[in-house]
Amino acid sequence: ESGESLGVWPGMALTIRTGEMLTRHLGLGLFMEYGSAGQEPEFATIGGLGLGGQWEVANNLALHAGVGFGVVGLVDLDHPDELRRGSYGGSYSLGVSYDWFPRSRRLSGGWALQPIATLRFLPGDAVSTVFFTFGGEVIRWRGLPRNELDLPPGEGYEKGKRRR
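All figures in this text were calculated on a predicted structure; none of them were measured in a lab. (Residues numbered from 1 in each chain as written. Predicted model: local features only at pLDDT ≥ 70, side-chain atom pairs only at ≥ 80, totals over all residues. Heavy atoms only, no water.)

Draft legend 1. Quick look at the environment of Glu 20. With respect to the helices and strands, the residue Glu 20 is situated in strand β1 (residues 11–21). Look past the residues within four positions of Glu 20 in its chain and what remains in contact with it is Gly 27, Leu 28 and Arg 142. (Helix = DSSP H or I, 4+ residues; strand = E, 2+ residues; numbered from the N terminus. Contact = heavy atoms within 4.5 Å.)

Draft legend 2. Spotlight on the sheet that holds strand β3 (residues 42–58). The sheet built from seven strands is open, its strands ordered β1-β2-β3-β4-β5-β6-β7 with antiparallel pairing. Two strands in the sheet have a free side with no partner beyond their single neighbour: β1 and β7 (129–141). On average, each strand axis in the sheet is inclined to that of its neighbour by 20 degrees, with strand direction left out of account. Taken together, the 14 bridges between strand β4 (residues 61–76) and strand β5 (residues 85–98) define a ladder with antiparallel strand orientation. By the bridge assignment, Gly 73 is partnered in β5 with Gly 86. (Pairing = 2+ DSSP bridges. Axes fitted to C-alpha atoms, helices over the stretch in contact; angles between N-to-C directions.)

Draft legend 3. Unusual backbone geometry, seen in detail. Going from Glu 40 to Pro 41, the amide bond is cis rather than trans, its omega being 0 degrees. Locating Pro 41 in the fold gives a position in the loop between β2 (26–39) and β3. The phi torsion at Asn 60 lies on the positive side, around 70 degrees, for a residue other than glycine. For Asn 60, the position within the fold is in the loop between β3 and β4.

Draft legend 4. How the structure looks around the nonpolar core. Within the largest apolar cluster, nine residues are counted, these being Trp 9, Ala 37, Ala 44, Ile 46, Val 72, Leu 74, Leu 122, Val 127 and Phe 131. Taken together, the elements giving at least two residues each to this core come down to β3 and β4. Excluding its chain neighbours within four sequence positions, the residues that come into contact with Val 127 are Glu 1, Val 72, Leu 74, Gly 86, Ser 87 and Leu 122. (Core = buried A, V, L, I, M, F, W, Y, C linked by side-chain atoms within 4.5 Å. Buried < 20%, exposed > 50% of the residue type's maximum accessible area, 1.4 Å probe, protein only.)

Draft legend 5. A look at the pattern of salt bridges. On inspection of all chains with the given rule, the structure shows three salt bridges. Notably, a salt bridge pairs Arg 17 with Glu 137, separated by 2.8 Å at the nearest N-O pair. With a gap of 120 residues between them, Arg 17 in strand β1 and Glu 137 in strand β7 connect regions that are remote in the sequence. Using a relative accessible area of 36% as the deciding quantity, one classes Arg 17 as partly exposed. Of the charged contacts, one joins Arg 120 and Glu 33 as a salt bridge, the two residues approaching to 2.9 Å between their closest N and O atoms. Here the residue Arg 120 occupies a position in strand β6 (residues 110–122), and Glu 33 occupies one in strand β2, the gap between them amounting to 87 residues. (Salt bridge = Lys/Arg side-chain N within 4 Å of Asp/Glu carboxyl O.)

Structure follows, in structure tokens:
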């Protein structure tokens, strides 16, 4: 805040992401996030909305990058009558994740658990924020249509037969 560090604050955040894989290795989507952190007597709320991309660099291992609009608000709990301080503007992020499929893999689609670590930066005149999150995501991947899977000839178009 105003060029002075307020230290490391513990907190929590919730991020909702949705998107689509454009190719086998490149995905694009939207994200929305909300979080809070504090170190007595200071308390911060953080929010954002943006566009994110991912690139699968190895089997199930992906690098993430995002850009969007972010906001951070600070309040001193010892002086609740004072005006809230903060900033808003462009927000930037980098992250890494790994998709783990707990059930044996199907031809396409299914549920996955994803540990993810993200570093996000929200620069501002009054308050600049750097926050690191480590967490997990539950993912539902619809999968590819049968006619886009790499199957033996004719098998992708059979009706009434489901493969697992």
